[in-house]
Structures are given as structure tokens and as C-alpha cells.
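# Structure assessment
Here is how the chains run, residue by residue.
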Amino acid sequence: MKGASEAEHTAALATLAGEGTALLGPALLDGRHGLRACVTNYRTGHADIDVVADRVGELAQRLRRASGAGLSQRV
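Residues numbered from 1 in each chain as written. Predicted model: local features only at pLDDT ≥ 70, side-chain atom pairs only at ≥ 80, totals over all residues. Heavy atoms only, no water.

If you check helix H1 (residues 6-18), its first and last C-alpha atoms are 18 Å apart, about what 13 residues at 1.5 Å a residue would give, namely 18 Å. His9, Ala12, Leu13 and Leu16 are the residues of H1 that are buried. Within H1, the buried residues cover an arc of 100° as seen down the axis, which keeps them to one side. Of the residues in H1, the exposed ones pointing more than 90 degrees away from the buried face are Ala7 and Gly18. The secondary structure elements touched by the buried residues of H1 are strand S1 (25-29), strand S2 (32-36) and helix H2 (46-67). Once H1 finishes, Gly20 follows within two positions and takes phi at roughly 80°, a positive value. (Helix = DSSP H or I, 4+ residues; strand = E, 2+ residues; numbered from the N terminus. Expected span 1.5 Å × (residues − 1). Buried < 20%, exposed > 50% of the residue type's maximum accessible area, 1.4 Å probe, protein only. Arc of directions from axis to C-beta. Contact = heavy atoms within 4.5 Å.)

So this is what it looks like as C-alpha cells:
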């Protein structure tokens, strides 16, 4: 979620795990916080990845509306 703080990423991770959508991890790359997916189940398909990506997009939109911070449209 481009432009989100570490706390906002942590909250998104907790939401995704709590609702059973995905268990992602935190990432830090070049000083920027993000979300990290590691797919190891051979049964995971493109549709599964799409569900996670769509849900992260929804959370980013909710965050933008709540914060009014003008976060980027890209996740």
C-alpha cells in the first residue's frame, strides 16, 4: 500500500489474517514498508492471488478515505 505508514501496514496485515483472507508478512525495502507474500502451496492459483490483491486494494482505498492522506492509487 504505497504511501502507508508502518502502523497502517501492520493493521492491514492483521485485518487480512483475522478475516482469513491471507497470512502475509511485513517487508522493508529501501526504507519503505510494505506487504510480503510467500506462496508455497502448490494448489495456490492465479484466482487465489487475485483475491488477495483485490482485498489489499480495498484496504488501501479504505485507508485513503479514512486518512485523507492522498495515498497513491497503486497498491
